[in-house]
Every structure is written in structure tokens, then in C-alpha cells.
Amino acid sequence: MAQVTVGGLSDPARLATDFEQVLERLEAARSFGKAMQQQQLLARAQKLLRTPEGVAHLYGYAQRFDAAGVFANGDWEQPEALQPALVSTTLRAGGINATLECLSELRMLAIAEHAIESPGMTAEEARRFLQQIMASNLDLLFPVATEETREADPAAAERVKNLFEFILDRLGAAAILDALVHEAERVLLQRPIMVQRVEALLRAADRATTELADDDPSVSRAREWMHALNGPTPLSRIGSREDYAAALTELDINALAEEAHNFGQAMARTGLVSAQHADLLRHLVDNAPELVGPALALNAVGKVSLGAHQTLISDIIRFAIWRETARSIYGLSKLLEQGMTFIRPVLPGLRRLMVLAIHPTVSENLRAASEWQDPPDANVLLLAGTLSVLGQPRGVDQGHNPTCQAARAISLWAQNDVGYLLELIAFGARENELLMQFEGKTIRSSELSFGLATTLHTELDPVSLLLTPHLDRIYMEMSRLTIGRTGDGHRWVNPELHGWWVHRGFGELLDTATGNVRGFDAFIRDFYASYHPLYNGGRDLVYAQPCGIATTNFNADLVGWHALSIQRVAYDPAGEWRVYFFNPNRDKGQNWGQDIVTSTHSHGELEGESSLPFEQFASRLYVYHYKSREIGDASAVPDEAVARIRALVAEGWASDRTWDD
């Protein structure tokens, strides 16, 4: 008989029956025969964990786990001996042990809900155990895209997410409210363009506040962030969209000024934009244009930019700023504050997007990827997205795609060559292809069939959604054209893909033929002499430069190769030399092992930057570009510094490689 499936997965009810039959065999088995039944049980549990309904079925059997011997003769046998700090490693490792861990959490939930009496653990202790693992592993409940998660088994991640959602629903979110808000704050300090994960965190926090008293300190802290998202003023949080628009017409100029100030400050403080902010801006450009500046929380440069181009900025707001595109208000604010309106191509390039004839396929893709059921026109979406990218160049990310090269390119162009980026956006939107040159050869993305992303995840900003598929294929074709050359292909690809401002000097650590580490000391010394102001003659970096790192997990094991850009090297507020860099991952705060944890704030980072102490960053570097005519004295680099970096690499990601010194 054919097996019934639901949504591509086996029917949870049928799987539950199968699971119960194996559980009964496990219960009846003698001690020496339980091992085989345990393996069969875990295989069936894995399938049930793939759906929320399956998790609920498993929980229904949790009371029988101990007596049946599910955890017999293993690390999970005594719940009181379990340590919350070890749960994360087990769940992330996947496999049978991760499944056992999931069943252990369901047993712990049964203890917390008094469905099981455990001689060594009280219900309150079980509840605290679960609250601790939930609070410390929010990325498993609200997944984030990084190199490590992209390499992981998506089915394993889905199983854990389903489990955590089930536990959170039973326990309530109040116990992890502080963790939810802290995680939202941490991510928002990076000022990403895409904030869906933050919004999910805050929605969970919003639900949690209903479980607590209004005067609870955690509730007050959470509501500040939720108000920034849902409406920062009392007037903006009552009634419908039409009610707020009507209420604005009744305000006198003083009340309107206060409304504009409060919206602007909430956005500047949190990086969040509420939908009502769009209603307010659209009202102000026609009725009180002098208040647009406060509503955008502009600094002195931003006020000058707005004053010099008030008419066109007003037209842009009328055209592109709607509730559906309100997030781009932050990008518009930052664009003005950076003085980008005085860069010759910017305003004509933005104006062109209002009237551009967008290719039907591009239009369909932009609107289909929108989170709205009835999205605005493609021109509106693309212009709004362009405001975000120009204003937040380090807020661009690759999402769940293996396209760090494309995301980095978009970010670099927005910083180093904005006119070129605007040309690419217009050409790509109109033609649904891109044309680039590689050493005199024209490459057309429409003639290329594949890139690194076999299927594009579309949770991207509109500019990235438009350009990434083309850039991905072009990058792969450029890489193909370097096959057979001696050395790493990025030596030639990066300048051709990104632009003339990429330095032609090139440092590479690995022998591409063998994978061996080659010339380590010279590689590190030249990096110091090129980038460290104490050893390069005090030269600051003029143009952000592409580089490549060996990205690692929390054990310092190699995950893969990753494209970054070095933004600058400078003293941090504590007086330590740091490399400030752009990471195309959506969450830039990462643990790379060996106590190397990327910082995203509090060490002098600009919005969207990550940073590490110079030596720690150098320990993950494997290719970089430098200006050959402006390199310092490599022999002046201290031997001790080179030795410390060498130890990090030799004991970490390159521990299993041959070293050719």
C-alpha cells in the first residue's frame, strides 16, 4: 500500500502509530535487546520531528520514555545530571544524538508540566532548564543565515525549530522575554536592511508581555522596541491606517512637529521603521515640508542635503515611500546624512528608476518576493530598495544563498562606485541581464546557465534580488576563465568583477594545486605591511578592498571560504588595533572558535561593520589585495605577532593541512 504523505512528508498520524509500535517493542525487549529497538525508535522520531504535528505526537509518549528504556545506558538516562550548556553543541551536531536530545527535552517538558514525576528533578527545575536552553539558543528558534547554517542539514534545523516552537508554546514566552529583546537589540545594532527575523523576535516578545504585569521592568524594555515597530506615538498606535492619516490633518503645527520628532528619534535609536512613518512623511512633504528633516532625524549634513534637493526628495517620498516600503525610510535618512545627493550620478539615477521600463520578468519577481499580498508596482519597490542599499551599504546581505561574492560586490559598489551600481540596477531591471567585461571578453549573464546558487532564496532586498542571480553566474564564468592559471583565481576575478579601485597586488596563502599552506610568514608580514598603519607608513585605506577568509565554527573547524571586504584598520576606543570589515552574512556577530568572536558594536564599529583585533582577523585570512607601490617594511613586523597568528591557524582551520615553509 502506498504511504500517505502530507506536504511532502509522511503522514504524522501514521508515523505516530509506527513509532508507538516500536516503543512497545522497546518496552517489551530485554535489556540486551534494547539497543536495536532504540535505533529504530530514533529513526522514527526523526521523521516525526519534521512537523509540528509530529512533535505533538511524540510529546504524547514522553511519559513512557524512561520506563521503556529510550535513554537507557546513555548520557541522557538521569535528567537531573543534564547540563543546559551542553544542549546547543549536541543539537547543532545533528544525527542520532540530536534526536535523543530532542526526546530528552520533551521528557523535561513533561516533568515541568507535572506529567512525569522525577525523583531527581522538580517541575520548577525542569522549567528553568528548558528556559535556559531556549534563551541561549534563540538562533535555533529564529534561524539566521550564516556560512555555518547554510552548510548544515536543513532537515535537522527544521526538527529543532519545530521542537523549540512546541516548547515555547507550552511554557510561554514570558520566561525568555529578556533574551528575545536582547537578541533583537543585538541584531538591530548591526542595522540590517532585512529585519524580518527581528520582527519575529519582537512579535514573540509582544506575546510574552501579555503574560506579565504592566509594571514588570522587562515589559517596559520590550515595549520601547515594539512601539518603534508598531508606532512610536500614542496617536499612531490607535485605529486603522485611514484613522491615522485623518488624525494627522487635525494636528496643529506644534503637535505635528512633536509627532515628526518622536518618529525620527525612534527610528534613529532603534533602526526600526513603523508603517505609520510612511503616512507621516507623505503628509509632511505636502503640508509641512520643514518637518521632513526632524521626521528623518537628520544630522547637519543631512539637513543641508535635504535643503539643497528638497523638491526631488519630496518627489521620491511621494513615489517610493508607502507603508509597504516604509523600511526604506531609514535608508533615505542615511543617504542624505552621507551627502550622497551631491555625488553627480545619484539623483539622476534615482529619478530614472521612477520612469524606467522594467522587464516583465523582473517586475514579476520583485512583486512576487514582496511580503505583501497586493504589493506596489515594481518601480516603487526597486526605487525604495535602492534607497536602502545606498543608505545602508553594509546592511546588504546574501540571505540563505551561497552568494557572498554578489552581496559583497553590491555593498562595495554602493560605497566605492555608486554611479556604476545605479547603471547596473537600471540595466538589469530593463534588460533582465547584465553585461560585464573580463580581460576584454564580454560576458552576458543571459547566456550563462548556472552559478553557485542552484535555487535562489528570495528573502533579499529588491536590489539584491535583481542583481544577485546575474552576478552569481558572471562570477562563476569569470572563475572558469581563470582555470589553468597558476594561483588563486580571485587575483584576476576580483578586479574585473568589482572595478578599477581593487588593488592589483595579491596575497594568497594556499597552494591551489595541493591545498597546502605556503609561505605563511611572508603572507602575514605583507598583510601587516599593507594594512596596519604602524607598518605601512601610516596609510589609511582609501577604497574598501575585497578579501577572502576561512570561515570557521565555534570549534575553529573549517566551514568554507567566504568573501568579505576590509573597510579600514584603526584604533578602537580601548586603544587596540582592529580590522573593521563587511561580512555579507545577515547576522554578523559570529563565534569563529579560539575565543574569536566578531564584534558588531561597542568597539568603534560604523553601522553594519564587524571588527576583530588585527591578529585574530589575520588568523582567518587566506587571500587579500594590496597596493604594490605602497607597502611598508614587512621585516619590521614583530616575530611574536607572526608566531601567535601562526599558532591560531595551525591549531585551527589548517590543522590538517600540509605546511610548505
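Residues numbered from 1 in each chain as written. Predicted model: local features only at pLDDT ≥ 70, side-chain atom pairs only at ≥ 80, totals over all residues. Heavy atoms only, no water.

1. Details of the packing of aromatic side chains
Then comes step 1: Following the criterion strictly, the structure yields 23 aromatic pairs and no others.
Then comes step 2: Here the aromatic rings of phenylalanine 19 and phenylalanine 65 are separated by 6.5 Å at their centres, their planes lie at 70°, and the arrangement is edge-to-face. Residue phenylalanine 19 is found in helix H1 (residues 12-28), and its partner phenylalanine 65 is found in helix H4 (residues 65-68); the two are separated by 46 residues along the sequence. No difference in accessibility class separates phenylalanine 19 from phenylalanine 65, as the two residues are buried.
Then comes step 3: On the basis of an interplanar angle of 35° and a centroid distance of 6.2 Å, the ring pair of tyrosine 244 and phenylalanine 263 is categorised as tilted. In this pair, tyrosine 244 sits in helix H14 (residues 241-249) while phenylalanine 263 sits in helix H15 (residues 253-270), placing the two residues 19 residues apart along the sequence. Like phenylalanine 263, tyrosine 244 is buried.
Then comes step 4: A connected cluster of aromatic rings, assembled from ring pairs, spans Phe523, Phe527, Tyr528, Tyr531, Tyr535, Phe581, Trp592, Phe614, Phe617, Tyr624 and Tyr626.
Then comes step 5: Positioned over the ring face of tryptophan 322 is arginine 282, at 3.5 Å from the centre of the ring. (Phe/Tyr/Trp six-rings, centres within 6.5 Å; stacked < 30°, edge-to-face > 60°. Helix = DSSP H or I, 4+ residues; strand = E, 2+ residues; numbered from the N terminus. Buried < 20%, exposed > 50% of the residue type's maximum accessible area, 1.4 Å probe, protein only. Lys NZ or Arg CZ within 6 Å of the ring centre and 35° of its normal.)

2. A look at the packing of helix H23 (residues 378-391) against helix H25 (residues 418-431)
Then comes step 1: Where H23 meets H25, the axes come as close as 12 Å, and the angle between the chain directions of the two elements is 155°. Considering their axes alone, H23 and H25 lie roughly antiparallel with respect to each other. Two packed elements cross with a definite hand, and for H23 against H25 that hand is right-handed. Counted together, Leu382, Thr386, Val389 and Leu390 of H23 and Val418, Leu421, Leu422, Ile425 and Ala429 of H25 form the full contact between these two elements.
Then comes step 2: When its residues are assigned to classes, the contact of H23 with H25 shows eight nonpolar, one polar and no charged. (Axes fitted to C-alpha atoms, helices over the stretch in contact; angles between N-to-C directions. Parallel < 35°, antiparallel > 145°, perpendicular 65-115°, else oblique. Left-handed = near helix turned anticlockwise from the far one by under 90°. Contact = heavy atoms within 4.5 Å. Nonpolar A, V, L, I, M, F, W, Y, C, P; charged D, E, K, R; others polar.)

3. Regarding the side chain of lysine 588
Then comes step 1: Structurally, lysine 588 is set in the loop between strand E9 (577-582) and strand E10 (610-613).
Then comes step 2: Contacts of lysine 588, omitting those with residues within four sequence positions, involve Gln190, Arg394, Val396, Phe582, Asn583, Thr598, Thr600, Gly608 and Ser610.

4. Comments concerning the confidence of the model for the protein
Then comes step 1: Averaged over all residues, the pLDDT of the protein is 93; the fraction at 70 or higher stands at 98%.
Then comes step 2: Across residues 1-8 the pLDDT falls below 50, and counting only partners more than four positions away or on other chains, this stretch makes ten contacts in the model. (pLDDT = per-residue confidence, 0-100.)

5. Thoughts on the sheet that holds E10
Strand pairs in the sheet, formed through backbone hydrogen bonds, run parallel or antiparallel to each other.
Then comes step 1: Strand order across the open sheet formed by six strands is E5-E11-E7-E8-E9-E10, with antiparallel pairing between neighbours. With partners counted over all chains shown, the strands left at the sheet margins are strand E5 (505-508) and E10, one partner each. Adjacent strand axes in the sheet meet at a mean angle of 30° when their direction is disregarded.
Then comes step 2: Sheet strands in contact with helix H24 (residues 404-416) are strand E7 (545-552), strand E8 (558-571) and E9, and its direction is about 15° off that of E8.
Then comes step 3: Across the sheet, helix H27 (residues 490-498) touches E5, E7 and strand E11 (621-626), and the angle it forms with E11 is around 55°. (Pairing = 2+ DSSP bridges.)

6. Quick look at the environment of glutamine 83
Then comes step 1: Its place among the elements puts glutamine 83 in the loop between H4 and helix H5 (87-93).
Then comes step 2: Separated by 370 residues in the primary sequence, glutamine 83 and alanine 453 place their C-alpha atoms 39 Å from one another.

7. A few points about empty space enclosed by the protein
Summary: where empty space remains is shown by rolling a probe the size of a single water molecule over the atoms.
Then comes step 1: Applying the stated criterion across every chain yields a total of five cavities of 30 Å³ or more.
Then comes step 2: Space inside the largest cavity adds up to approximately 120 Å³.
Then comes step 3: As for the largest cavity, its lining consists of 14 residues, and the residues nearest its centre are Pro192, Ile193, Val195, Gly271 and Arg327.
Then comes step 4: Residues of the lining of the largest cavity, tallied by class, amount to eight nonpolar, three polar and three charged.
Then comes step 5: Taken together, Val144, Val187, Pro192, Met194, Val195, Arg197, Val198, Arg586 and Asp587 make up the full set of residues lining the second largest cavity.
Then comes step 6: Class assignment of the residues belonging to the lining of the second largest cavity gives a composition of six nonpolar, no polar and three charged. (1 Å grid on protein atoms, 1.4 Å probe; cavity = no way out; pocket = protein on both sides within 12 Å on 5 of 7 lines; lining within 4 Å. Points joined across faces, edges and corners; volume = space filled by probe spheres on them.)

8. Some thoughts on the pattern of salt bridges
It is possible for side chains of opposite charge to pair when their charged atoms get near one another.
Then comes step 1: Inspection of every chain in the model, using the stated rule, returns 42 salt bridges.
Then comes step 2: Its salt-bridge partner being arginine 430, residue glutamate 431 comes within 2.8 Å of it at the nearest N-O pair.
Then comes step 3: Close ionic contact of glutamate 477 with arginine 480 constitutes a salt bridge, the shortest N to O distance being 2.7 Å. With glutamate 477 and arginine 480 both in helix H26 (residues 462-481), this residue pair falls three residues apart, about one helical turn.
Then comes step 4: Given a relative accessible area of 44%, arginine 480 falls into the partly exposed group.
Then comes step 5: Each of Glu183, Arg186, Arg197 and Asp587 takes part in salt bridges that share partners, so that together they form one network. (Salt bridge = Lys/Arg side-chain N within 4 Å of Asp/Glu carboxyl O.)

9. Thoughts on the pairing of E10
Then comes step 1: A two-sided burial pattern is seen for E10, the buried positions comprising Ser610 and Leu612 on one face and Ser611 and Pro613 on the other.
Then comes step 2: In this sheet, E10 lies alongside E9 in antiparallel orientation, the contact comprising four bridges. When the bridges of E10 are listed, arginine 578 appears paired with proline 613.

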